[in-house]
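Coordinates in review
Next come the chains, spelled out residue by residue.
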Amino acid sequence: MWWAYDNFDTGRYNPDGTINRAGELSYNESHSLIGDLHGTADFAFGGGSHAVMFGAGFTDADHSARTRQASQRGPIDPFDADYAGYPILAPWVDAPVVDFKQQSIYVQDQMVFRQRIHLDLGARYDWIETDAESWESDTGQTLKDQQPSFSAGLLYAFDNGLNLYGAIQSGY
């Protein structure tokens, strides 16, 4: 349980030096199953060495919560606190359950040419589905989306140990 103070207009304290109190009690529950399966291949091709990683990942998660509001039987004097009485509790409210699923496939190639030039190229494709119950009805809502994302990076290794690196990527 946490307590909040609502005296924003008066600068935290009431004119008589007391503080108004409110609170919320919440029970949250989350479950998730996450996996990633990948493989690698090292080979030489096109005048350079390649280290390729490829794989697939998945996530299956859900979240639920129960909350209830609480208010005290009046403000409290922080310099002479009297905690008599119990908070007035509102009924429990069940928040909508949210279920999240994601599947992805990806590949990344780390190439080295002439021991100085390093080129990284990557591609990923994600499928995402979110199911959420509704506050207003039992029907809920399902959102589905899918999208590719890409990355590229280039590094040049100088003789003196310094490296020059640049990269660009799209995200999802």
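Keep in mind that what you see is a predicted model, and the values were worked out from it rather than measured.

**A short note on the overall build of the chain**
A count of helices and strands for the chain gives zero helices and nine strands. Taken across its 172 residues, the chain has 21% of its residues classed as buried. At a minimum sequence separation of 6, the contacts of the chain that also span at least 24 residues come to 55%. Surface accessibility of the chain: about 12,400 Å² in total, with carbon and sulfur atoms responsible for 57%.

**With respect to unusual backbone geometry**
Unusually for a residue other than glycine, R114 sits at a positive phi of about 55 degrees. Along the chain, R114 falls in the loop between β6 (98-113) and β7 (117-132). One non-glycine residue with positive phi stands out, namely Q115, at about 60 degrees. Looking at the secondary structure, you find Q115 in the loop between β6 and β7. Relative accessible area serves as the criterion here: at 73%, Q115 is assigned to the exposed category.

**Some details on the pairing of β6**
The pairing of β6 with β7 spans 16 bridges and is antiparallel. When the bridges of β7 are listed, V112 appears paired with H118.

**Some words on the side chain of Q102**
By the element assignment, Q102 lies in strand β6. There is a polar contact of 2.8 Å between the side chain of Q102 and the side chain of D126. Beyond its immediate stretch of four places on either side in the chain, Q102 contacts G57, F58, T59, R124, D126, W127 and I128.

**Considerations on a nonpolar patch on the surface**
A contiguous nonpolar surface patch, about 560 Å² in accessible area, is contributed by I117, L154, Y156, F158, L162 and L164. Relative to the elements of secondary structure, I117 occurs in strand β7.

**Side note on the side chain of T59**
Structurally, T59 is set in strand β3 (residues 48-71). For T59, a relative accessible area of 18% translates into the label buried. Excluding residues that lie within four positions of it along the chain, T59 makes contacts with L33, I34, F100, K101 and Q102.

**Quick notes on the packing of aromatic side chains**
Applying the stated criterion across every chain yields a total of three aromatic pairs. Ring centres 5.3 Å apart and planes at 40 degrees place the aromatic pair Y27 and W92 in the tilted group. Here Y27 is found in strand β2 (residues 22-45), whereas its partner W92 is found in the loop between β4 (88-89) and β5 (93-94), with 65 residues between them in sequence.

**Remarks on the pattern of salt bridges**
Counted by the stated rule, this structure contains six salt bridges. D60 is the partner of K101 in a salt bridge, and the nearest nitrogen-oxygen pair spans 3.6 Å. Taken together, the positions of K101 in strand β6 and D60 in strand β3 put the pair 41 residues apart, joining distant regions of the chain. Note that D94 and R66 form a salt bridge whose closest N and O atoms lie 2.6 Å from each other. Note that D94 is positioned in strand β5 and R66 in strand β3, a separation of 28 residues in sequence.

**Side note on the environment of Q169**
Mapping Q169 onto the fold places it in strand β9 (residues 163-169). Each C-alpha atom, one on Q169 and one on G153, is 8.4 Å from the other, the two residues being 16 residues apart in sequence. Q169 has contacts with F150 and S151, leaving out every residue within four places of it along the chain.

Analysis parameters
Residues numbered from 1 in each chain as written. Predicted model: local features only at pLDDT ≥ 70, side-chain atom pairs only at ≥ 80, totals over all residues. Heavy atoms only, no water. Helix = DSSP H or I, 4+ residues; strand = E, 2+ residues; numbered from the N terminus. Buried < 20%, exposed > 50% of the residue type's maximum accessible area, 1.4 Å probe, protein only. Contact = heavy atoms within 4.5 Å. Areas by Shrake-Rupley, 256 points an atom, 1.4 Å probe, with all protein chains shown as cover. Pairing = 2+ DSSP bridges. Polar contact = N/O pair within 3.5 Å; in protein donor to acceptor, adjacent residues only side chain to side chain. Patch = residues over 30% accessible without salt bridge, like charges linked within 9 Å, V, L, I, M, F, W, Y side chains within 5 Å. Salt bridge = Lys/Arg side-chain N within 4 Å of Asp/Glu carboxyl O. Phe/Tyr/Trp six-rings, centres within 6.5 Å; stacked < 30°, edge-to-face > 60°.

It is worth stressing that arrangement in space is one thing and function is another; only the former is reported here.
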